[in-house]
Amino acid sequence: MKIIVCAKQVPDTNEIRINPETGTLIRDGVPSILNPDDANALELALEIKDKNPGTTVTVVSMGPPQAQEMLEECLAMGADEGILVSDRAVGGSDTWATSNALAAAIRKVGDFDLLLGGRQAIDGDTAQVGPQIAEKLGLPQVTYVTEFELEEGGKSMVVKRALEDGFEEIRIHTPCMLTAIKELNDPRYMSISGIYNKDKDIKVWNAADIEVDLTTVGLKASPTNVFRSFTPKPKGKGVMLEGDTDGELAQHLVDDLKRKHII
Amino acid sequence: MSFILTKEQEQVQKMMRSFVENEVAPIADEMDKAGEFPVDLVKKMGRYGLMGVAFPKEYGGAGADYVSYAIVIEELSKAWAAAATIVAAHNSLCCWPIFGWGNEEQKQKYLPDLLSGKKLGAFGLTEPNAGSDAGAQQTRVDVKDDCYVLNGAKVFITNGAYADVFVVMAMNDKKKGTRGGISAFIVEKGDPGFSIGKSEEKLGIHSSSTTELVFQDCTIPKDRLLGKIGDGFKVAMSTLEGGRIGVASQAVGIAQGAFDLAVEYMKQRKQFGKKLSQFQALQFEMADMDTRIHAARLLVREAAVRKDQHLPMGKNSAMAKYYAADTAMQVAVKCLQFHGGYGFTQDYAIERFFRDAKITEIYEGTSEVQKIIIAGTIFGKK
């Protein structure tokens, strides 16, 4: 099988602080990581590769040149090839423009059986890029994938899709796109052997390489842009109610709510 | 020379921190209290290349360098010294002599399974009456036409009860002693006449297996000789020379782990209306320790770089081990002191670091032996 995984380098939001004066992110000293949901997508690809010799895994990303570090980590986990789309012309893209660029890069990579991505990136939290890429490539797609099984020697698969109030089981034929959520698997670590792999294959492509229509990528082409970002006001401290019985606790709660004129 | 890690070494550090946080730190206290050998962890470590760090890929190793190996051992030790003991004994004391002294058939036969962690290795040199005086071996080997026959016993053998492959020294000619009288052999679990004896109960590194090895007319085929007859002392000394980088890294990791625990504790513990971290006398102690730990780490890295570049490093690894072990012990003692009464209880991990630190001054050459080696480079050998 030939598998392509879309991945993004993101700031580790666990480490991020916000400047209370300006409301902007303090990015200094914040480590960059492989987006967590994308790590689940890559793990699925690598599990398929482990079980099906001959499978190749290509990771495609878009970002500044330093995003190569993340691709190196993907290779150290076991991916075969990394491609970074990096060009000022695609900078500032919103989800629509980003998916145009990534779809163009994936077309350039050529035929594949399975296209994977994470549900969403922890910096933007839109969950739009994966589905948009699938649309633009004319691929069937299943989002929020939490379980996965290959059928017919890889020609089709049965996937479980997590919804708010239940699951869907869907049979889907290749080629197709799936987006992964963290419940799908536990991503592996880099291996020392993978880190010391001498045949690291990372390509950096610019806008011309992916033959993308320049009027569909970048800040200017983006139909949406961030008007203002701000930090929500911190909520007040919570109150722990104490009481020996459930009834007593409920009475405290009702009293408090009445005192605040909520009920 | 560079003091900056390469990109690969940085990635190994990053990978190890994540591996240790998720797979090692959560089980350390419980396994230590139970004195249980971490069989599952060893399998995981094998999968990620920890059981064959600085060995070529053609034999199934991870293809990394010795600085990366030092990083692996340090990061493991920051959370759990016993895990580092298992890895270091396996890599440095069993895989290395087979790689460095074995012939091609021996390398092909043993290294792939060892370096991938499918099999575990151990090293048998120390005897009841031959510790620092390793030349006083009493285990003897009879060289027969078609086999070797070993008789004697080894003690304090790390990984003993769980190992599959052992590199063992035995005396073939007492008169020649260390100058050609000792030979090195590969012994396998299950060889006739070979058994595991008493398992030691120790002050620290409870989860590492430390046993006696017993040879009663232990008969092994001719292809188990490492190097030539009489090379054994050289095999042992060259093995320990590199092995010291592992123990020194372990000592740096124990020191750093104990230090990190103290930093966290001092930021929270209040006495006399102030956090411990606000007392300048304690701050100065911490500044001293931080400096010492860093100096120890640089000594280790220098020895590792020299090993990678095939430069003489006997003195460097001896200095690194001596200084790092001394640092581990001093830092563990002080960091426990800063925990006060809580530090003396088993509820706080610092107690484990305190117990584990001591072994680094003892195994793979005591601190006194390291000083003999260093002094020998100043005044010449006797």
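Residues numbered from 1 in each chain as written. Chains lettered and ligands numbered in written order. Predicted model: local features only at pLDDT ≥ 70, side-chain atom pairs only at ≥ 80, totals over all residues.

Enquirer: Got a sec to walk through the overall build of chain B? Specific residues and values, please.
Expert: The helix and strand tally for chain B stands at eleven helices and ten strands. Relative to the 2.2 N^0.38 estimate, which gives 21 Å for 382 residues, the radius of gyration of chain B is 21 Å and therefore close to what a compact globule would have. With the C-alpha coordinates of chain B rotated into their principal frame, the extents come out at 80 × 45 × 40 Å. (Helix = DSSP H or I, 4+ residues; strand = E, 2+ residues; numbered from the N terminus. Rg over C-alpha atoms; globule rule 2.2 N^0.38 Å.)

Enquirer: Got a sec to walk through the overall build of chain A? Specific residues and values, please.
Expert: Secondary structure summary: chain A contains seven helices and 13 strands in total. For chain A, the spread of C-alpha atoms along the three principal axes comes to 65 × 45 × 40 Å. The 263 residues of chain A split such that 38% are buried. Restricting to contacts in chain A with at least 6 residues of sequence separation, those with at least 24 account for 71%. (Buried ≥ 20, exposed ≤ 12 C-beta atoms within 10 Å, placed from the backbone. Contact = placed C-beta atoms within 7 Å.)

Enquirer: Explain the domain arrangement of chain B to me, and be specific about the residues and the numbers.
Expert: All names here are of chain B. One can read the domain layout of chain B as domain 1 (7-115), domain 2 (121-233) and domain 3 (238-379). In this structure, domain 1 and domain 3 have C-alpha centres spaced 20 Å apart. The interface is formed by 24 residues belonging to domain 1 together with 23 residues belonging to domain 3. Among the secondary structure elements, those contributing two or more residues to the side of domain 1 that touches domain 3 are α1 (7-34), α3 (66-79) and α4 (81-101). Residues that form the side of domain 1 that touches domain 3 fall into these classes: 13 nonpolar, five polar and six charged. (Domains from an automatic or database assignment. Nonpolar A, V, L, I, M, F, W, Y, C, P; charged D, E, K, R; others polar.)

Enquirer: Residues and numbers for the confidence of the model for chain B, please.
Expert: Across chain B, the average pLDDT comes to 96, with 99% of residues at 70 or higher. Reported confidence for the predicted complex is 0.93 by ipTM and 0.91 by pTM. (pLDDT = per-residue confidence, 0-100.)

Enquirer: How would you sum up the interface of chain A and chain B? Please name residues and give values.
Expert: Each side of the interface is counted separately: chain A has nine residues, and chain B has 15 residues. When contributions to the side of chain A that touches chain B are tallied by element, the ones reaching two or more residues are α2 (68-77) and α5 (192-195) of chain A. With three residues, the top contributor of residues to the side of chain A that touches chain B is α5 of chain A.

Enquirer: Please provide a residue-by-residue account of the sheet that holds strand β13 (residues 202-205) of chain A, values included.
Expert: Residues and elements named next belong to chain A. Read from one edge to the other, the open sheet built from nine strands follows the order β11-β10-β9-β12-β8-β1-β6-β7-β13, with strand pairing classed as mixed. Of all the strands in the sheet, just β11 (166-173) and β13 have a single pairing partner and so form its edges. With strand direction ignored, the average angle separating the axes of adjacent strands in the sheet is 30°. Two elements, strand β9 (residues 141-151) and strand β10 (residues 156-163), share six bridges in a ladder whose sense is antiparallel. (Pairing = 2+ DSSP bridges. Axes fitted to C-alpha atoms, helices over the stretch in contact; angles between N-to-C directions.)

Enquirer: Tell me what's going on with the packing of α4 of chain B against helix α5 (residues 104-115) of chain B, and back it up with residues and numbers.
Expert: Residue and element names in this part refer to chain B. Where α4 meets α5, the closest approach of the two axes is 10 Å, and the angle between their N-to-C directions is 155°. Compared by their axis directions, α4 and α5 come out roughly antiparallel. You can see that α4 and α5 cross each other, and the crossing is left-handed. Here α4 contributes C94, C95, I98 and F99 to the contact with α5, which in turn contributes Q106, K107, Y110, L111, L114 and L115. Considering only residue class, the contact of α4 with α5 consists of eight nonpolar, one polar and one charged. (Parallel < 35°, antiparallel > 145°, perpendicular 65-115°, else oblique. Left-handed = near helix turned anticlockwise from the far one by under 90°.)

Enquirer: Describe α5 of chain B, with residues and values.
Expert: All names here are of chain B. Relative to the 16 Å expected for twelve residues at 1.5 Å per residue, α5 spans 15 Å between its end C-alpha atoms, a close match to the ideal helical length. When α5 is considered as a whole, its buried residues turn out to be Y110, L111, L114 and L115. With its buried residues spanning 110° around the axis, α5 presents them on a single face. Summarising the geometry of α5, the exposed residues directed more than 90 degrees from the buried face are E105 and Q108. Looking at the buried residues of α5, the elements they touch are α4, β1 (121-124), β4 (165-171) and β5 (182-188). Remark: G117 follows α5 within two positions and exhibits a positive phi of approximately 85°. (Expected span 1.5 Å × (residues − 1). Arc of directions from axis to C-beta.)

Enquirer: I'd like a description of the pairing of strand β8 (residues 114-118) of chain A, backed by residues and values.
Expert: All names here are of chain A. With five of five residues buried, β8 is to be regarded as a mostly interior element. Note that strand β1 (residues 2-6) and β8 share four bridges and pair parallel. Bridging across to β8, I3 finds its partner in L114. With five bridges joining them, β8 and strand β12 (residues 176-180) adopt parallel strand pairing. Across the sheet, G118 pairs through a bridge with A180, a residue of β12.

Enquirer: Which residues make up the confidence of the model for chain A, and what are the values?
Expert: Overall, the predicted model of chain A reaches an average pLDDT of 92, with 99% of residues at or above 70. Element-level mean pLDDT values for chain A span from 73 in strand β4 (residues 25-26) of chain A up to 98 in β1 of chain A.

Enquirer: Outline the packing of α1 of chain B against α3 of chain B, supporting the account with residue identities and numerical values.
Expert: Residues and elements named next belong to chain B. Interaxial distance between α1 and α3 falls to 8 Å at its minimum, and their mutual angle equals 25°. With respect to each other, α1 and α3 are oriented roughly parallel. Crossing of α1 against α3: the hand is right-handed. On the side of α1, the interface is formed by E8, Q9, V12, Q13, M16, R17, V20, V24, A25 and A28, while α3 contributes V67, S68, I71, V72, E75, L76, K78 and A79. Residue classes in the contact of α1 with α3 are distributed as eleven nonpolar, three polar and four charged.

Enquirer: Quick rundown of the environment of G154 of chain A? Include the residues and the values.
Expert: Residues and elements named next belong to chain A. Of note, G154 is situated in the loop between β9 and β10. A C-alpha to C-alpha distance of 10.0 Å links G154 and P175, two positions 21 residues apart in sequence. When near neighbours in sequence (up to four residues on either side) are disregarded, G154 contacts M1, N52, D113 and T174.

Enquirer: How would you sum up helix α4 (residues 129-137) of chain A? Please name residues and give values.
Expert: Residues and elements named next belong to chain A. What α4 keeps buried is the set V129, G130, I133 and A134. Each buried residue of α4 lies within a common arc of 140° when the element is viewed along its axis, so the set occupies one face. Packed against the buried residues of α4 are β1, α3 (95-109), β8, β9 and β12.

Enquirer: Can you explain unusual backbone geometry? Please cite residues and give values.
Expert: Cis geometry is found at the peptide bond from T174 of chain A to P175 of chain A, where omega equals -5°. Here D125 of chain A, not a glycine, exhibits a phi torsion of approximately 55°, which is positive. Note that D125 of chain A resides in the loop between β8 and α4. One non-glycine residue with positive phi stands out, namely D217 of chain B, at about 50°. For D217 of chain B, a count of 11 C-beta atoms within 10 Å gives the class exposed.

Enquirer: Can you lay out the environment of K155 of chain A for me, pointing to particular residues and giving the numbers?
Expert: Residues and elements named next belong to chain A. Tracing the chain through its elements places K155 in the loop between β9 and β10. Classification of K155 as exposed rests on a count of 11 C-beta atoms within 10 Å. In the structure, K155 is positioned 18 residues away from H173 in sequence and 6.1 Å away in space, judged by C-alpha atoms. Not counting chain neighbours up to four residues away, the residues in contact with K155 comprise H173 and T174.

Enquirer: Tell me about the environment of D201 of chain A, residues and numbers included.
Expert: Mapped onto the secondary structure, D201 of chain A falls in the loop between α5 and β13. Expressed as a C-alpha distance, the spacing of D201 of chain A and L71 of chain A, which sit 130 residues apart in the sequence, is 9.6 Å.

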